[in-house]
Amino acid sequence: MSLSTSLPGLTELRATDQRLAEILVVEGFLSEAQLRDALGQQTTRRPPVPLAVHLIELGFLPPEDLAHLLEKLRDLSPERSESRAGVVMQVIQGEDRGRAFVVPSCYPSVVGRGAHVPIKLSDPFVSREHCLLDVEGGTVYCTHLAGRSDTLVNGRVIEARTPLGANDRVTIGRTVFALGSAETELLEATVAKELDEAAPASHGVRVEAVNVSRVVRNRDTGQPLKVLDEIDFVIHPGEFVVILGPSGSGKSTLMNALNGRRRATSGQVLYDGLDLYADFDVFRTQMGYVPQQDIVHTHLSVRRALYYTAKLRLPVETSNDELERTIQRIARKMGLEERLMTRIGNLSGGQIKRVSLGSELVSNPSVLFLDEATSGLDAGTERRMMTLFRRVADMGKTVVCVTHNLENINQADLVVVVDKGKLVYYGPPDQLAEHFGCPSVADLYDRLEDEDAAVWHERFVASPLHAQYIENRRVRRQLREQSQRRADESGVDRERTLIAARDSKPQQALALQLAQAPLSAMHQFRYLLLRYFESTVRDTRNLTLLLLQAPLIALVVAAVFDDLYLLMFMMTISAVWFGCINASKEIVKEQEIYKRERMVNLKLLPYVLSKLVLLVGLSAIQCLMLLAIIRAQSDLAGPFGLQWLSLWNASVGGLFMGLLVSSLVNSTDKALAIVPLVVIPQIVYTVNPAIGVAFTEFNQFVAEWSILAYWAFDALRTSEVMTIAHDYGVDLVPEFI
């Protein structure tokens with residue numbers, strides 16, 4: 001009996017679906033019973049949908065199997081020679097921008113970044129099998145397949161097969177595509193030329209500061225202080241812009257306003273026409289940021305540091321082969337191929353900066369901010385770093401660099417000079433000295449002191465540079481806004497769509513926010529813990545000191561104290577000390593790394609838990625060694641497990657106090673200075689029971705409700721007294737001791 005006669009409804013399908021059904025059964029992907037059930041539901045659907053879409057919606061086929069089946073179907077299809085017949089789609093945003101592909105009319109096609117999919121994209125935030133496109137009656141339909149990154153049509157997450165119209169945009173990952181045609185491409189090119197002739201074609205982000213101001217409170221007088229005063233300029237995609245100015249002029253403040261770390265109090269920062277502050281989640285994964293401090297774990301090798309960064313920023317389904325290619329690509333661009341296995345702490349200052357920059361390039365950001373990234377480097381290294389930043393901009397990324405060095409600014413396209421919060425120059429570096437009337441660029445800072453910042457600002461506003469680089473770019477921005485307003489008023493939806501496709505991200509924040517493949521908390525916890533463990537183990541000197549604490553303290557305590565109560569008191573305080581001192585530096589020492597990763601996608605709970613798990617394990621080992629050595633060197637008796645658990649609980653409590661201290665200070669020195677203030681109350685409120693002195697009623701209340709060492713000592717004392725009583729044949733109830 002043939003398959004067509006045993007499966008009712010099969011003959012009603014189009015030829016392509018019939019061949020697909022036969023492949024499913026012959027290759028063993030589905031049993032005849034499963035296919036019969038699917039076909040029974042398929043024939044009742046109105047309008048009918050392709051069999052591949054129907055099976056995906058029923059959950060009968062995983063996306064990876066579907067992609068392989070469709071590939072085989074394409075190879076076996078008699079219509080293979082006509083596979084170019086279909087509907088043209090064009091990528092209008094993303095790494096594959098400008099590319100066109102055909103959705104065949106005769107069979108569905110999978111879109112993704114997998115090696116086996118017919119429509120392959122290079123966007124790392126696109127799943128291997130992301131969505132399915134099929135043509136029915138001349139209309140293209142889109143179906144989401146799988147992955148943590150959603151498929152969006154006009155900013156809305158699609159749950160079922162969705163038809164695509166002429167003005168619809170599909171967003172997957174960072175890629176946006178739409179129906180393409182010669183008319184579409186011509187109109188898009190016309191709009192682009194009209195609105196943005198000066199902007200180079202690239203995948204960077206247009207950054208616009210619109211009357212950006214920031215007011216803070218003066219610490220000395222308590223009065224408001226304007227540190228940024230209506231800064232207005234436009235940076236085109238792919239441009240390398242350097243921000244200069246004397247110390248305290250507002251360079252870093254301007255940088256932080258542009259990247260959202262410390263927001264302006266008035267004005268707007270626009271990324272491709274979207275308000276950065278309102279839609280920060282849209283762009284958080286598209287920004288790279290390299291601060292003055294190194295943002296890498298120096299005890300890891302270069303390869304491992306890049307590996308963990310990739311694991312924490314790229315989609316979960318990124319394969320190990322893709323990770324390896326990413327690491328090799330970054331190492332090659334940063335000139336670190338020969339240093340991949342080298343411990344970062346053993347690299348030179350310039351090489352460490354390159355590792356920090358490479359870590360930011362892992363997720364292929366569209367805009368890169370560098371805050372004093374060349375500070376502290378020698379002249380030769382600083383020159384090589386500026387050349388590297390130039391190459392990064394040439395890769396199509398928007399690069400903004402804050403620096404106080406003037407020797408190598410000729411690498412930049414444009415230079416921003418701020419003085420006392422005012423914009424006093426924006427233009428090419430080769431016209432900088434002429435504008436300020438100084439013999440060379442090296443004399444710029446001395447020249448700025450000759451006049452008030454307001455005077456320099458007025459001179460710049462009156463200069464041809466202001467007209468060329470501020471007003472002209474501002475006119476293009478206003479023209480773009482007016483074009484969109486006219487389209488809104490006249491209802492010309494097609495033109496508005498094309499302008500938005502060319503000049504902005506998808507108009508809603510949800511589109512890219514959901515398309516950034518958010519990592520699960522468990523995934524983050526796993527790789528944060530592995531990175532923390534590897535970094536701790538590779539720091540052999542610190543690890544040795546941590547592990548030697550317990551044996552050394554145990555030997556001293558056992559040698560000095562004969563009284564069992566004092567012995568248990570010292571054990572309790574030592575356990576609290578272990579936890580508190582171990583944790584007191586763990587957050588503050590990597591605060592720059594934490595802030596950077598938090599800006600991208602780091603969740604708070606996985607980060608804290610990764611610290612807790614390792615530190616709790618370390619505390620358990622320390623308490624075990626402390627108790628074992630003291631019991632071997634003294635007359636301490638009682639159940640070993642109960643005593644160890646009591647000490648461990650005290651140490652974990654100290655660990656929580658240490659992490660709290662570490663999260664509240666901004667330097668390891670301050671953390672270490674506060675630790676004694678945390679531990680001393682534990683001593684004061686635990687020593688009285690140890691020496692047999694009664695508390696006042698108030699102090700007893702304080703000890704019972706706020707001193708963890710008090711209860712740990714009480715547990716040790718209780719276990720010892722019960723053991724002694726048991727040896728004499730007396731059974732005691734703990735509540736009455």
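Only a predicted model underlies this, so the values are computations on that prediction, with no experimental measurement involved.

A. Looking closely at the overall build of the protein. Along its length, the protein carries 27 helices and 21 strands. Scored against the burial criterion, the 737 residues of the protein give a buried share of 54%. Long-range contacts, defined here as pairs at least 24 residues apart, represent 69% of the contacts in the protein between residues at least 6 apart.

B. How the structure looks around the pattern of salt bridges. This model, assessed by the stated rule, comprises 20 salt bridges. Across the pair Asp-229 and Lys-226 runs a salt bridge whose closest N-O atoms are separated by 3.6 Å. Taking relative accessible area as the criterion, Lys-226 reaches 42% and is therefore assigned partly exposed. Between Arg-531 and Glu-597 there is a salt bridge, with its nearest N and O atoms 2.7 Å apart. Note that Arg-531 is positioned in helix H19 (residues 521-538) and Glu-597 in helix H22 (residues 591-600), a separation of 66 residues in sequence. Comparing Arg-531 with Glu-597, the two get one shared label, buried.

C. Looking closely at the sheet that holds strand E19 (residues 398-402). The strand order across the open sheet built from six strands is E17-E18-E19-E14-E20-E21, with neighbouring strands paired in mixed fashion. Strands at the two margins of the open sheet, each flanked by one partner only, are strand E17 (287-290) and strand E21 (422-427). On average, adjacent strands in this sheet sit at an angle of 15° to one another, irrespective of strand direction. Pairing between strand E18 (residues 367-371) and E19: five bridges, direction parallel. Residue Leu-370 lies in a different strand from E19, and its bridge partner there is Cys-401. Where helix H7 (residues 251-259) meets the sheet, it contacts strand E14 (240-244), E17, E18, E19 and strand E20 (414-419), and its direction lies at approximately 155° from that of E18. The strands touched by helix H15 (residues 453-461) within the sheet are E20 and E21, with E21 carrying the most contacts at an inclination of about 35°.

D. Molecular detail of the sheet that holds strand E13 (residues 224-235). Reading across the sheet, the four strands line up as E13-E12-E15-E16 and stay open at both edges, with antiparallel pairing between neighbours. In this open sheet, the two edge strands, each paired with only one partner strand, are E13 and strand E16 (274-275). In terms of strand pairing, strand E12 (residues 207-217) meets strand E15 (residues 266-271) through five bridges, oriented antiparallel. Residue pairing across strands places Ala-209 opposite Val-269, the latter belonging to E15. The strands that H7 touches are E12, E13 and E15; relative to E13, the one it contacts most, it runs at about 60°.

E. Inspection of the packing of helix H21 (residues 564-583) against helix H24 (residues 640-664) at higher detail. Relative to each other, H21 and H24 sit at 35°, their axes nearing to 6 Å. Remark: the crossing between H21 and H24 carries right-handed chirality. Contacts between H21 and H24 involve Met-571, Thr-572, Ala-575, Val-576, Phe-578, Gly-579, Cys-580 and Ala-583 on the former and, on the latter, Leu-647, Ala-650, Ser-651, Gly-654, Leu-655, Met-657, Gly-658, Leu-659 and Ser-662. The class makeup of the residues in the contact of H21 with H24 is 11 nonpolar, six polar and no charged.

F. Looking closely at the pairing of E19. Counting buried positions over the five residues of E19 gives five, a clear majority of the element. As paired elements, E14 and E19 share four bridges and run parallel to each other. By the bridge assignment for E19, Ile-243 is matched with Val-402. Traced from E18 through helix H12 (residues 379-394) to E19, the parallel crossover comes out right-handed.

G. Structural view of the side chain of Ser-359. You can see Ser-359 is positioned in helix H11 (residues 349-361). According to the relative accessible area criterion, Ser-359 is buried, its value standing at 2%. In this structure Ser-359 touches Val-296, Leu-306, Thr-309 and Arg-313, once residues within four positions along its chain are discounted.

H. Region of the structure containing the pairing of E13. One ladder, built from eight bridges, connects E12 with E13; its direction is antiparallel. The residue of E13 that forms the bridge with Val-207 is Ile-235. Counting the residues between successive antiparallel strands, the hairpin from E12 to E13 contains six residues, one of them, Gly-222, with a positive phi of roughly 80°.

Parameters at a glance
- Residues numbered from 1 in each chain as written.
- Predicted model: local features only at pLDDT ≥ 70, side-chain atom pairs only at ≥ 80, totals over all residues.
- Heavy atoms only, no water.
- Helix = DSSP H or I, 4+ residues; strand = E, 2+ residues; numbered from the N terminus.
- Buried < 20%, exposed > 50% of the residue type's maximum accessible area, 1.4 Å probe, protein only.
- Contact = heavy atoms within 4.5 Å.
- Salt bridge = Lys/Arg side-chain N within 4 Å of Asp/Glu carboxyl O.
- Pairing = 2+ DSSP bridges.
- Axes fitted to C-alpha atoms, helices over the stretch in contact; angles between N-to-C directions.
- Left-handed = near helix turned anticlockwise from the far one by under 90°.
- Nonpolar A, V, L, I, M, F, W, Y, C, P; charged D, E, K, R; others polar.
- Right-handed = clockwise from strand over helix to strand, strands pointing away.

Taken by themselves, the reported measurements are silent on function.
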